[in-house]
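Listed below are the residues making up each chain.
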Amino acid sequence: TLKAKLAKLRNDLLVEQSGGSGGGGGEGFDVARLGDARVALIGFPSVGKSSLLGVLTGTESEAAAYEFTTLTCIPGTMQYKGSRVQVLDLPGIIEGAAHGKGRGREVIAVARNADAILIVLDAGKEGLNRHREI
């Protein structure tokens, strides 16, 4: 369809402008799709999403001892069994995210467009974050 062709051309242009390296071009939550698959890292604030992105992809994403260090989508890419996988570090999600609290709508929109979602939890914070309940 025409819409699909336009989307592909736009994506190719964004990848070309970004030099084809890193995790994909774009700003904020509008990150160009890159590679064979897209995985979104989602979870509460300060559970290790940025650290996991760094280990998996070598991408430097700011990590600190305070919550909400990551404010936008940070992309990285990794190789897995001959495939190129784009990994997206998303800001921490909080209760009420579906209603727009804490940039929740943007985070959920990016996660919906991913091929897989990896939910990152800190087992040491189970009592504090009520993982099972939420």
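One can find the structure itself at the top, above this paragraph.
What counts and how
- Residues numbered from 1 in each chain as written.
- Predicted model: local features only at pLDDT ≥ 70, side-chain atom pairs only at ≥ 80, totals over all residues.
- Heavy atoms only, no water.
- Helix = DSSP H or I, 4+ residues; strand = E, 2+ residues; numbered from the N terminus.
- Buried < 20%, exposed > 50% of the residue type's maximum accessible area, 1.4 Å probe, protein only.
- Contact = heavy atoms within 4.5 Å.
- Arc of directions from axis to C-beta.
- Core = buried A, V, L, I, M, F, W, Y, C linked by side-chain atoms within 4.5 Å.
- Pairing = 2+ DSSP bridges.
- Axes fitted to C-alpha atoms, helices over the stretch in contact; angles between N-to-C directions.

What follows concerns the overall build of the protein chain. From N to C terminus, the protein chain includes 4 helices and 6 strands. Secondary structure elements in the protein chain, listed N-terminal to C-terminal, are α-β-β-β-α-β-β-α-β-α. For the protein chain, with 134 residues in total, the buried portion stands at 35%. Taking the contacts inside the protein chain whose residues are at least 6 apart along the sequence as the reference set, 54% of them involve residues at least 24 apart.

This part covers helix α3 (residues 104-112). Within α3, the full set of buried residues consists of Gly104, Val107, Val110 and Ala111. Along the axis of α3, the buried positions cluster into a sector of 130°, meaning they face one direction only. Away from the buried face of α3 by more than 90 degrees, exposed residues Arg105 and Arg112 are located.

Moving on to the nonpolar core. Within the largest apolar cluster, 12 residues are counted, these being Phe29, Val31, Ala40, Ile42, Cys73, Leu88, Leu90, Ile93, Val107, Val110, Ala111 and Ala114. Among the secondary structure elements, those contributing two or more residues to this core are β3 (37-43) and α3. The element contributing the most residues to this core is α3, with 3 residues. Phe44, Val47, Val87 and Val120 belong to the second-largest nonpolar core, a separate cluster that totals 9 residues.

The 4 strands are arranged β4-β5-β3-β6 in an open sheet whose pairing can be described as mixed. Of all strands in the sheet, those with a lone pairing partner are β4 (74-80) and β6 (116-120), marking the two edges. For this sheet the average axis-to-axis angle between neighbouring strands, irrespective of direction, equals 25°. Pairing of β3 with β6 involves 5 bridges; the strand directions are parallel. By the bridge assignment for β6, glycine 43 is matched with valine 120. Sitting on the sheet, helix α2 (residues 49-57) is in contact with β3, β4, β5 (83-89) and β6, with an inclination near 40° to β4.

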